[in-house]
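Observations on chain architecture
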Amino acid sequence: MTTTFGTLALAPASDHPELLAGPVRDFLAAHPDDRVLAGAIDAELADTAAFCAHYAIDPSAGANCVVVEAKRGEVRTLAACLIRGSDRIDVNGAVRRMLDARRASFAPLDLVIEATGMEYGGVTPLGLPADWPILVDEAVAASGPLIVGAGIRGAKLLVTGEYLAGLPGARVVPIAQG
């Protein structure tokens, strides 16, 4: 079964393990779901604006996975935050409060790559370390089909907001800036 979203051709992710980073493959093997679709893309177009323009997808039909590092004293927490591609994240306000931190910032790129086993520009909430909180913005949870990363720059996944809100460790919270 092949379907299109914008101009992107997609098929069940379980049929295309080559389009998934190792942690994403492992997650989907442990949590099989034929509603998760995968499609190959030009890796040079993985960033939101370029991807959306090329594949005729509105930025609000994508969910960006932003990794945040929160600190309170000596305690450091890494968390994934999902916001629509058309929105901005409120790291220093809402996210910091949700993680009960004194400081919160975007996690350093090398730390994200090492901790996730995924590529920059392809990080996705599927397959993240089990102890990471996943903060799903309310607008993402309320969305229908959404494009997210596949763990590599050369592919994307199609899921729903409901699917993302139901991931292990996920909490639906207001984290986008108004």
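Let me begin by describing the structure that accompanies this report. Everything numeric here is computed off the predicted structure, so don't read it as measured data. (Residues numbered from 1 in each chain as written. Predicted model: local features only at pLDDT ≥ 70, side-chain atom pairs only at ≥ 80, totals over all residues. Heavy atoms only, no water.)

A short note on the sheet that holds strand 2 (residues 8–12)
Reading across from one edge, 1-2-3-9-8 is the order of the five strands in this open sheet, with antiparallel pairing throughout. Here the strands that pair on one side only, and so sit at the sheet edges, are strand 1 (3–5) and strand 8 (145–149). Adjacent strand axes in the sheet meet at a mean angle of 40 degrees when their direction is disregarded. The sheet contact formed by strand 1 and strand 2 spans three bridges and is antiparallel. From the neighbouring strand, Thr4 faces strand 2, where its bridge partner is Ala9. Sitting on the sheet, helix 2 (residues 48–55) touches strand 1, strand 2, strand 3 (37–40), strand 8 and strand 9 (155–160), and the angle it makes with strand 2 is about 100 degrees. (Pairing = 2+ DSSP bridges. Helix = DSSP H or I, 4+ residues; strand = E, 2+ residues; numbered from the N terminus. Axes fitted to C-alpha atoms, helices over the stretch in contact; angles between N-to-C directions. Contact = heavy atoms within 4.5 Å.)

Quick word on the state of the cysteines
Counting across every chain of the model gives zero disulfides. Here Cys52 is not disulfide-linked; the sulfur of Cys65 is the nearest cysteine sulfur, at 16 Å. With relative accessibility at 9%, the residue Cys52 sits in the buried group. Of all cysteine sulfurs in the structure, the one in Cys81 sits closest to Cys65, which takes part in no disulfide; the separation is 7.9 Å. Of the residues examined, Cys65 reaches a relative accessible area of 15% and is grouped as buried. (Disulfide = S-S within 2.5 Å. Buried < 20%, exposed > 50% of the residue type's maximum accessible area, 1.4 Å probe, protein only.)

Let's talk about the nonpolar core
Looking at soluble globular proteins, one finds that nonpolar side chains tend to be buried together. In terms of nonpolar packing, the biggest core is built from 36 residues, with Val24, Leu28, Val36, Leu126, Leu157, Tyr163 and Leu164 touching the most fellow members. Where this core is concerned, the elements lending two or more residues are helix 1 (22–30), strand 4 (63–72), strand 5 (75–84), helix 4 (109–116), strand 7 (134–137), strand 8, strand 9 and helix 6 (161–165). When near neighbours in sequence (up to four residues on either side) are disregarded, Tyr163 contacts Phe27, Leu28, Asp33, Arg35, Val36 and Leu126. Core analysis: the next-biggest nonpolar cluster, separate from the first, contains 16 residues, Val66, Cys81, Leu135 and Val173 among them. (Core = buried A, V, L, I, M, F, W, Y, C linked by side-chain atoms within 4.5 Å.)

Looking at the sheet that holds strand 6 (residues 103–106)
Read from one edge to the other, the open sheet built from five strands follows the order 6-4-5-7-10, with strand pairing classed as mixed. At either margin of the open sheet sits one strand with a lone partner, and together these are strand 6 and strand 10 (170–173). Averaged over all pairs of adjacent strands, the angle between strand axes in this sheet comes to 30 degrees, irrespective of strand direction. Here strand 5 runs beside strand 7; their pairing, made up of three bridges, is parallel.

As for the pattern of salt bridges
Across all of its chains, the model carries five salt bridges by this definition. A salt bridge links Asp33 to Arg35; the shortest N-O distance between them is 2.6 Å. Residue classification places Arg35 among the exposed positions, given a relative accessible area of 54%. Across the pair Glu69 and Arg76 runs a salt bridge whose closest N-O atoms are separated by 3.5 Å. The class for Glu69 is buried, based on a relative accessible area of 9%. (Salt bridge = Lys/Arg side-chain N within 4 Å of Asp/Glu carboxyl O.)

Quick look at a nonpolar patch on the surface
Taken together, the side chains of Leu109, Ile113 and Tyr120 present a nonpolar region at the surface, about 290 Å² in accessible area. Residue position: Tyr120 is located in the loop between helix 4 and strand 7. (Patch = residues over 30% accessible without salt bridge, like charges linked within 9 Å, V, L, I, M, F, W, Y side chains within 5 Å. Areas by Shrake-Rupley, 256 points an atom, 1.4 Å probe, with all protein chains shown as cover.)

Some thoughts on helix 1
All of the buried residues in helix 1 are Val24, Phe27 and Leu28. Take helix 1 and look down its axis: the buried residues cluster within an arc of 95 degrees, on one side only. Exposed residues lying more than 90 degrees from the buried face of helix 1 are Asp26, Ala29 and Ala30. (Arc of directions from axis to C-beta.)

So, the side chain of Lys156
Structurally, the position occupied by Lys156 is in strand 9. Despite its burial, Lys156 pairs with no opposite charge; the closest candidate is Asp47, at 7.0 Å N-O. (Lys, Arg positive; Asp, Glu negative; His and termini not counted.)

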